Amino acid sequence: MYNKILVTLDTTPTDRAIIEHVKELAKVMHSNVVLLHVADGWAARTFGADAVSPEITEDTAYLRRVQAEFQSASIQAEAELAYGEPGEQIVRWVQEKSCDLVAMSTHGHHFVADLFLGSASRRVRHNVSVPVLLLRAR
């Protein structure tokens with residue numbers, strides 16, 4: 001049913017909820033996983049893939065650690081770093097990687113906060129044609 005699951009990561013403790021959930025789902029569904037983090041700091045937004053900053057170095061190392069965690073659980077996983085606005089980039093990667101499901105942790109903001117702060121999950125939900133699994137982090 002889900003051949004390829006895109007898991008969005010924001011490199012915060014909220015990621016644990018979606019990582020653990022997708023590990024179990026991927027095992028049952030025999031899914032491949034694409035781990036995606038969108039670097040959205042000044043350097044990432046200005047220079048894209050040419051950006052060099054401590055943020056990019058830390059993000060890359062984090063993705064590799066999570067990728068190794070999936071692989072040690074016998075789940076095929078690739079790690080991808082994108083640059084720019086998270087919602088826009090996630091939508092793009094869903095299409096480029098032909099993902100069947102998007103899995104995201106949410107911070108649990110309320111509607112008013114999302115209006116002012118923006119919400120990657122809201123943008124993704126309204127712009128992809130595949131199911132979106134939103135798991136609220138505790």
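A quick note: this is a predicted structure, and the numbers were derived from the prediction, not measured. (Residues numbered from 1 in each chain as written. Predicted model: local features only at pLDDT ≥ 70, side-chain atom pairs only at ≥ 80, totals over all residues. Heavy atoms only, no water.)

### Some words on the overall build of the protein
Argument step 1. The secondary structure content of the protein amounts to six helices and five strands.
Argument step 2. A compact globule built from 138 residues would reach a C-alpha radius of gyration of about 14 Å, and the protein, at 14 Å, matches this within 12%.
Argument step 3. Summarising its shape, the C-alpha atoms of the protein cover approximately 40 × 35 × 30 Å along the three principal directions.
Argument step 4. Taking all 138 residues of the protein together, the buried fraction comes to 47%.
Argument step 5. Pairs at least 24 residues apart make up 75% of the contacts formed inside the protein by residues separated by at least 6 positions. (Helix = DSSP H or I, 4+ residues; strand = E, 2+ residues; numbered from the N terminus. Rg over C-alpha atoms; globule rule 2.2 N^0.38 Å. Buried < 20%, exposed > 50% of the residue type's maximum accessible area, 1.4 Å probe, protein only. Contact = heavy atoms within 4.5 Å.)

### Re unusual backbone geometry
Argument step 1. Phi at His30 is positive, roughly 55°, even though this residue is not glycine.
Argument step 2. When you line up the elements, His30 lands in the loop between helix 1 (15-29) and strand 2 (32-39).
Argument step 3. Residue classification places His30 among the exposed residues on the basis of a relative accessible area of 68%.

### Here's the deal with the side chain of Glu80
Argument step 1. Note that Glu80 resides in strand 3 (residues 77-83).
Argument step 2. You can call Glu80 buried: its relative accessible area is 18%.
Argument step 3. At a separation of 3.2 Å, a polar atom in the side chain of Glu80 contacts the side chain of Lys97.
Argument step 4. Not counting the four nearest positions on each side in its chain, Glu80 is found in contact with Val34, Leu35, Leu36, His37, Leu63, Trp93 and Lys97. (Polar contact = N/O pair within 3.5 Å; in protein donor to acceptor, adjacent residues only side chain to side chain.)

### Some details on the sheet that holds strand 5 (residues 132-136)
Argument step 1. The parallel open sheet is built from five strands, whose spatial order is 3-2-1-4-5. Bordering the open sheet on either side are strand 3 and strand 5, each of which pairs with just one other strand. Pairs of neighbouring strands in the sheet enclose a mean axial angle of 25°, with direction left out of account.
Argument step 2. Bridge analysis of strand 1 (residues 4-9) against strand 4 (residues 101-106) gives three bridges, and the strand direction is parallel. Counted as the bridge partner of Leu6 is Val102 from strand 4.
Argument step 3. Strands strand 1, strand 2, strand 3 and strand 4 of the sheet are contacted by helix 4 (residues 86-96), whose axis makes an angle of about 150° with strand 2. (Pairing = 2+ DSSP bridges. Axes fitted to C-alpha atoms, helices over the stretch in contact; angles between N-to-C directions.)

### A word on the pairing of strand 2
Within a regular strand, the side chains alternate between the two sheet faces.
Argument step 1. Of all eight residues that make up strand 2, seven are buried, and the element is covered over most of its length.
Argument step 2. In this region the chain leaves strand 1, passes through helix 1 and returns to the parallel neighbour strand 2; the handedness of that crossover is right-handed.
Argument step 3. Taken together, the seven bridges between strand 2 and strand 3 define a ladder with parallel strand orientation. Bridge pairing links Leu36 to Glu80 in strand 3. (Right-handed = clockwise from strand over helix to strand, strands pointing away.)

### As for the confidence of the model for the protein
Argument step 1. Mean pLDDT over the protein works out to 87, with 91% of the residues at or above the 70 mark.
Argument step 2. Contacts from residues 112-118, a stretch scored under 50 in pLDDT, to residues over four places away or in other chains number six contacts. (pLDDT = per-residue confidence, 0-100.)

### Here's the deal with the packing of helix 1 against helix 3 (residues 54-72)
Argument step 1. Two elements in contact, helix 1 and helix 3, have axes separated by 11 Å at closest approach and are oriented at 30°. The angle between the axes of helix 1 and helix 3 places the two elements in the roughly parallel class. Crossing hand, helix 1 versus helix 3: right-handed. For the pair helix 1 and helix 3, the contacting residues are Asp15, Arg16, Ile19, Glu20, Val22 and Lys23 in the first and Tyr62, Val66, Glu69 and Phe70 in the second. (Parallel < 35°, antiparallel > 145°, perpendicular 65-115°, else oblique. Left-handed = near helix turned anticlockwise from the far one by under 90°.)

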